[in-house]
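Chains, contacts and geometry: an overview
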Amino acid sequence: MSLSGRYPAEVLSRFAAALLAAAGTPPDNAAVVAQALVDADIEGLASHGLLQLPMYLERIAQGSVDPAAKGEIVVDAGARLTLDAQNGLGHVTAERACEIAIARAAEHGVAIVAVRNAFHFGAAGRFARRIALTGKIGIVMANTRPMLPAPGGAEAVVGNNPLAIAVPTGDEPIVLDLAMSAGAMGKVRLAASKGEPIPEGWAQTAEGLPTRDAAEAIKGVLLPAAGAKGFGLAVMVDLLAGGLSAGGIGSEVQPLYGDLSRPYGSANLVIAIEIEGMRPLADYEAAAVGFADRVRQSKPVPGAAPIRLPGDRAVEARNRFDGSCALAAETLRLLHAHASRLGVAIPDALGS
């Protein structure tokens, strides 16, 4: 049987959870991470999906990720808190940061949770959307190891530092989720795993030359989106997430695929803003829906694809979901290898 193609999402989620559990992850933590990874694949975000699981399992095995950690509040100033993620699985500690932010925003009107000693949490938009589904504005950001040069530079000095903002509409939130590089490193790694080129303008080699070779891009630097604007936003995410949490900034954050025995050391910032009290929530949601409708119905240029708002592609992917999702052959091969190592049975639907 070919190891590439589409596979039942439910089977993939159970298999991922079983692998994590066999590696020492408590069942509730394993379920959170497995579902988040499969959800990313369902939404077409393969760079944040099961592609990452083999690396997570390696890091657990080498001790740089504590699969049982849920994070500990170390600063509590009411609406302002710091969570020490204790090098736990990123989806688990980010989910806890969201829960804290939602509860404190309901109490104080706004809440800011800074997270240090954090690990990779996938798509920031997942967590901003989680907050927006409660009728609040969600803002989530994280820093990464340096990947971007300053304008005119050839040395990576700041991460591509994702930022997500989600606003409620009474239905599906409007979600902006972007990294500050022209292309996300996860997408570069995905291209490298498939032996495919990356778009022009995404990266430079270690010598500062433009490249479309994904492997050379990984060894070199990514380029900021919108030049100095993307670079400037990346700097500010570092200073907000890393600075407020007293966590890693810049080169203090380690390469995600570098020394897997060394903690990643990322920092997150989670903000929840209560709308009710500033204006009626229903009025805000109506205004957001009206604006969204106006944008989507605006006149396109000839031959263009339908006009979308941030997050529309993910919504469309969820609406198209037929119970299965795509998985790259190399990712499935690595998951098979980890299953063999951990003594986990490979489901029939995923080959042998």
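Residue numbers run consecutively from 1 along every chain, following the written order of its sequence. Whole-chain, interface and lining totals are the exception, using all residues; otherwise, since this is a predicted model, local features are given only for residues with pLDDT of at least 70 and side-chain atom pairs are given and counted only at 80 or more. With hydrogens and water stripped out, all remaining heavy atoms of the structure feed into the side-chain values.

1. Overview of the overall build of the chain
Put simply, the rule is: Helix and strand definitions follow DSSP, with helices as H or I runs of at least four residues and strands as E runs of at least two, each counted in order from the N terminus. For the radius of gyration, the atoms used are the C-alpha atoms, and the globule rule reads 2.2 Å times the number of residues raised to 0.38. Burial classes follow relative accessibility: with a 1.4 Å probe on protein chains only, a residue under 20% of its type's maximum area counts as buried, one over 50% as exposed, and anything between as partly exposed. Between two residues, a contact is recorded if the distance between any of their heavy atoms is within 4.5 Å.
Across its full length, the chain carries 11 helices and 14 strands. At 20 Å, the chain has a C-alpha radius of gyration in line with the 20 Å of a compact globule built from 352 residues. A principal-axis box enclosing the C-alpha atoms of the chain has dimensions of 55 × 50 × 40 Å. Counting only residues that meet the buried cut, the chain has 50% of its 352 residues in that class. A fraction of 67% describes how many contacts in the chain between residues 6 or more apart in sequence connect residues 24 or more apart.

2. Observations concerning helix H6 (residues 185–194)
Looking at H6, one finds that the buried residues are Met185, Gly186, Val188, Arg189, Leu190 and Ala191. The secondary structure elements touched by the buried residues of H6 are helix H7 (214–219) and strand E12 (221–222). A positive phi of about 70 degrees marks Gly195, the residue just after H6.

3. A look at the packing of helix H1 (residues 9–22) against helix H3 (residues 53–62)
Convention followed: Note on geometry: axes are lines fitted to C-alpha atoms, helical ones only across the stretch in contact, with angles between N-to-C directions running from 0 to 180 degrees. Relative orientations are named as follows: roughly parallel for angles under 35 degrees, roughly antiparallel for angles over 145 degrees, roughly perpendicular for angles from 65 to 115 degrees, and oblique for any other angle. Note on convention: the crossing is left-handed when the near helix lies turned anticlockwise from the far helix by less than a right angle, right-handed when the turn is clockwise.
Two elements in contact, H1 and H3, have axes separated by 10 Å at closest approach and are oriented at 10 degrees. By the angle class used here, H1 and H3 are roughly parallel. In the packing of H1 onto H3, the handedness of the crossing is right-handed. On H3, the residues that touch Ala16, Leu19 and Leu20 of H1 are Leu53, Leu57 and Ile60.

4. Some remarks on the environment of Ile218
With respect to the helices and strands, the residue Ile218 is situated in helix H7. With a relative accessible area of 22%, Ile218 lands in the partly exposed category. Spatially, the C-alpha atom of Ile218 lies 7.4 Å from that of Arg189, the residues being 29 residues apart in sequence. The residues contacting Ile218, other than those within four sequence positions of it, are Arg145, Met185, Val188, Arg189 and Ala192.

5. Some points on the sheet that holds strand E10 (residues 203–204)
Condition: Whether two strands pair depends on DSSP finding at least two bridges between them.
Reading across the sheet, the 3 strands line up as E11-E10-E12 and stay open at both edges, with antiparallel pairing between neighbours. Each edge of the open sheet is held by one strand with a lone partner, namely strand E11 (210–211) and E12. Of the pairings in the sheet, the one linking E10 to E11 comprises 2 bridges and is antiparallel in character. Residue pairing in the sheet places Ala203 in a bridge with Thr211 of E11.

6. What about the sheet that holds strand E2 (residues 72–76)?
A sheet is described by the order of its strands in space; here 7 strands give the open sequence E2-E3-E4-E13-E5-E8-E9, paired in mixed fashion. Each end of this open sheet is capped by a strand with a single partner; those strands are E2 and strand E9 (174–178). The sheet shows a mean angle of 15 degrees between the axes of neighbouring strands, taken without regard to direction. Where strand E5 (residues 136–142) lies against strand E8 (residues 163–167), 4 bridges are found, and the strand directions are antiparallel. Its bridge partner lying in E8, Val140 is registered against Ala164. Contacts between helix H5 (residues 124–132) and the sheet are confined to E5, E8, E9 and strand E13 (266–274), with E5 contributing the most and set at about 160 degrees to the helix.

7. What to know about the pattern of salt bridges
Note the following rule: By definition, a salt bridge exists where a carboxyl oxygen of Asp or Glu is found within 4 Å of a side-chain nitrogen of Lys or Arg.
The final tally for this structure, using the stated rule, is 14 salt bridges. Residue Asp28 pairs with Lys70 through a salt bridge whose shortest N-O separation is 2.8 Å. Taken together, the residues Asp28 in helix H2 (residues 27–42) and Lys70 in the loop between H3 and E2 connect sequence positions 42 residues apart. Overall, Asp28 belongs to the partly exposed group, its relative accessible area being 43%. Through salt bridges that share partners, Glu43, Arg129, Glu172 and Arg318 make up one connected network.

8. Here we look at the layout of surface pockets
For clarity, the cut-off: Buriedness for pockets is judged along seven lines, at least five of which must meet protein on both sides within 12 Å for an open set on the 1 Å grid over protein atoms alone, while cavities are sets there where a 1.4 Å probe fits but cannot get out, and lining residues have an atom within 4 Å of a point. Grid points are joined across faces, edges and corners, and a volume is the space filled by probe spheres set on the points. Just so you know the grouping, Ala, Val, Leu, Ile, Met, Phe, Trp, Tyr, Cys and Pro go in nonpolar, Asp, Glu, Lys and Arg go in charged, and all remaining residues, Gly too, go in polar.
In this structure, the second largest pocket spans a volume of roughly 300 Å³. Every residue lining the second largest pocket is counted, 19 residues in all, and those nearest its centre are Arg6, Asp41, Gly44, Cys325 and Ala326. Every element with two or more residues in the lining of the second largest pocket is listed here: H2, H6, helix H10 (312–320) and strand E14 (324–327). Looking at the lining of the second largest pocket element by element, the count peaks at 4 residues for E14. Its residues assigned to classes, the lining of the second largest pocket shows 11 nonpolar, 3 polar and 5 charged.

9. Quick look at helix H9 (residues 281–296)
For the record, the criterion: Multiply 1.5 Å by the residue count of a helix minus one, and that product is the helix's expected span. Relevant arc is that of directions from the helix axis to the C-beta atoms, nothing else.
Here H9 spans 22 Å end to end across 16 residues, near enough to the 22 Å set by a 1.5 Å rise per residue. Where H9 is concerned, the buried positions are Leu281, Glu285, Ala288 and Ala292. Down the axis of H9, the smallest arc covering the buried residues is 60 degrees, so these residues share one side. In H9, those exposed residues whose orientation departs by more than 90 degrees from the buried face are Ala282, Phe291 and Arg294. Of the surrounding elements, those touching the buried residues of H9 are E9.

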